[in-house]
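Residue-level listing of the chains:
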Amino acid sequence: MTARGEFGIIELFRREAAPTRPEVSAGIGDDCAVIDLPGDQCLLVSTDMLLEDVHFLRAAVSPWRLGWKTLAVNVSDVAAMGGEPTAAFLAMGFPRDVDEPTLVAFRDGLLACARRFGVDLLGGDTVASPHGISLCVTILGRAPRADVLRRSGGRPGDVLFVGGDIGASAAGLHLLLHPDLEVDDADREALLAAHLEPVPQVTLGRFLASHHLAHAAIDVSDGVLQDLGHLAEESGLGLEVEADRLPVSPACRRVAERAGLDPVDLALTGGEDYVLAFAVPPEVAEALPAACLAATGCHVTAVGRLVPGDGRRILRAGAWMDGVGGGYDHFAP
Ligand code: ADP
Ligand code: MG
């Protein structure tokens, strides 16, 4: 079973679960399902789970930040569709002996993220968990149907962009796991914040969608190479990534150097960046960085292109390499 990997397991379900209802315009396979509403709007729905010892270590994250991240990773999936998040449902399992200050701090972090993005917490479920903390949010959002950004909309020749920086979250995780590594205090705090308090790019997603600037988008949760691979695959295309162009922050580069890690590897396969990656027609690409910066305050960087076929290549240090593999897979063999 495990040899199939996470995405092979999802495929087991997807191939037997083709949607039957006419209002469903996207089911399994995108960042959110898309359900048409009467009028020109559609409903976006996604769910993401955080498990203790898989996604976080209880001793290494404050309950406030855990609450923030639990919602933020879901908000990011709505951002990837170009949508506006609206409502969330929270299913949570905490150990029976959890104390009230922990729950209050967790609640406050989650609700701070909810307020920041205009999300109402409308329901959920609460259980005692015998095996650690388990958190699952279902998020709802909406967008005009004509604006929705799908993973599958990419076209050959589209330029692939990334919003913000990548690699910082993976560097922050490294610092959590190696707290004795001597690094600059400001670098440590910036990288820990990238890992524990990600800020999903809702404004960027809405800007791209409402101006019809991108053909396809995804959020970077499992590593930019893997996630761009999902976008390319759903678009029926191959991809080329120029590793030297990946936007890696100076703090991430400094800490990677300290830790003996390659910052480009962190950026390519580290994951949990919760930034957007998207495909833009070439005629839009040149003007896009300035337009995004002016409209959203977010810098975006061209990192590659979609190409015909199903190949995946990375340009590193002047040489093209096979770009398959890397990134996070819960059921990796
Ligand atoms: P994301 O990283 O954006 O959350 P995933 O890679 O986790 O997306 O999932 C890929 C797709 O598979 C999504 O459309 C998701 O809704 C779907 N999916 C994942 N697990 C299941 C499952 N157990 N049953 C049905 N669909 C699933
Ligand atoms: Mg996603």
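Look above for the structure.
Rules and cut-offs
- Residues numbered from 1 in each chain as written.
- Chains lettered and ligands numbered in written order.
- Predicted model: local features only at pLDDT ≥ 70, side-chain atom pairs only at ≥ 80, totals over all residues.
- Heavy atoms only, no water.
- Donors = N, O, S within 2.8 Å, 3.2 Å for Na, K, Ca; no water.
- Helix = DSSP H or I, 4+ residues; strand = E, 2+ residues; numbered from the N terminus.
- Buried < 20%, exposed > 50% of the residue type's maximum accessible area, 1.4 Å probe, protein only.
- Pairing = 2+ DSSP bridges.
- Phe/Tyr/Trp six-rings, centres within 6.5 Å; stacked < 30°, edge-to-face > 60°.
- Lys NZ or Arg CZ within 6 Å of the ring centre and 35° of its normal.
- Near = heavy atom within 4 Å.
- Polar contact = N/O pair within 3.5 Å; in protein donor to acceptor, adjacent residues only side chain to side chain.
- Areas by Shrake-Rupley, 256 points an atom, 1.4 Å probe, with all protein chains shown as cover.
- Salt bridge = Lys/Arg side-chain N within 4 Å of Asp/Glu carboxyl O.
- Lys, Arg positive; Asp, Glu negative; His and termini not counted.
- Contact = heavy atoms within 4.5 Å.

1. Focus: the coordination of the magnesium ion (ligand 2)
Then comes step 1: At 2.0 to 2.1 Å from the magnesium ion (ligand 2) lie its protein donor atoms, namely Asp31 (OD), Asp77 (OD) and Asp219 (OD).
Then comes step 2: Along the chain, the residues donating to the magnesium ion (ligand 2) are arranged with the sequence spacing D-x45-D-x141-D. On the criterion of sequence distance, the pair formed by Asp31 in the loop between β1 (24-26) and β2 (33-36) and Asp77 in helix α2 (residues 63-80) is long-range, its members being 46 residues apart. Neither residue differs from the other here; Asp31 and Asp77 are each classed as buried.

2. A closer look at the pairing of strand β13 (residues 319-322)
Then comes step 1: Note that strand β12 (residues 312-316) and β13 share 4 bridges and pair antiparallel. When the bridges of β13 are listed, Arg313 appears paired with Asp322.
Then comes step 2: Between β12 and β13, which pair antiparallel one after the other, the connecting turn spans 2 residues, and Ala317 there sits at a positive phi close to 45 degrees.

3. What to know about the packing of aromatic side chains
Then comes step 1: Within this structure, the stated rule accounts for 3 aromatic pairs.
Then comes step 2: A ring pair is formed by Phe94 and Phe106, whose centres lie 5.4 Å apart and whose planes are at 75 degrees; its orientation type is edge-to-face. Of this pair, Phe94 sits in strand β4 (residues 84-94) while Phe106 sits in helix α3 (residues 100-117), and the two are 12 residues apart along the sequence. Of the two residues, Phe94 and Phe106, neither departs from the other in class, the shared state being buried.
Then comes step 3: Seen from their ring centres, Phe161 and Phe278 are 5.7 Å apart, and the 10 degrees between their planes marks the pair as stacked. Of this pair, Phe161 sits in strand β7 (residues 159-163) while Phe278 sits in strand β10 (residues 276-280); the two residues are 117 residues apart in sequence, bridging distant segments of the chain.
Then comes step 4: A cation over an aromatic ring shows up here: Arg313 above the ring of Trp320, its NZ or CZ 4.1 Å from the ring centre.

4. Section: the site of ligand 1
Then comes step 1: The local shell around ligand 1 consists of Phe7, Ile10, Ile28, Gly29, Asp30, Asp31, Asp48, Asp77, Arg151, Asp219 and Ser221.
Then comes step 2: At a separation of 2.7 Å, an oxygen atom of ligand 1 approaches a polar backbone atom of Asp30.
Then comes step 3: With respect to ligand 1, the side chain of Asp31 contributes an N or O atom lying 2.9 Å from an oxygen atom.
Then comes step 4: Compared with its free state, where it exposes 550 Å², ligand 1 has 65% of that area covered by protein.

5. Points about the pattern of salt bridges
Then comes step 1: Here the structure, examined in full by the defined rule, presents 21 salt bridges.
Then comes step 2: When the shortest N-O distance is used, the salt bridge between Asp30 and Arg150 registers 2.8 Å. In this pair, Asp30 sits in the loop between β1 and β2 while Arg150 sits in the loop between β6 (134-144) and β7, placing the two residues 120 residues apart along the sequence.
Then comes step 3: When its relative accessible area of 12% is taken as the criterion, Asp30 is described as buried.
Then comes step 4: Classification of Arg150 by relative accessible area gives partly exposed; the value is 27%.
Then comes step 5: Arg305 is paired through a salt bridge with Glu240; the nearest N and O atoms lie 3.1 Å apart. Note that Arg305 is positioned in strand β11 (residues 300-307) and Glu240 in strand β9 (residues 238-242), a separation of 65 residues in sequence.
Then comes step 6: Through salt bridges with shared partners, a single ionic network connects Glu240, Glu242, Arg245, Arg305 and Arg313.

6. Points about the side chain of Asp147
Then comes step 1: Its place among the elements puts Asp147 in the loop between β6 and β7.
Then comes step 2: Summary of buried charges: Asp147 has no salt-bridge partner, and the nearest side chain of opposite charge, Arg206, is 7.2 Å away.
Then comes step 3: Of the polar contacts made by the side chain of Asp147, one reaches the side chain of His212; its length is 2.6 Å.
Then comes step 4: Once you skip the residues sitting within four places of it in the chain, Asp147 turns out to touch Met81, Ala209, Ser210 and His212.

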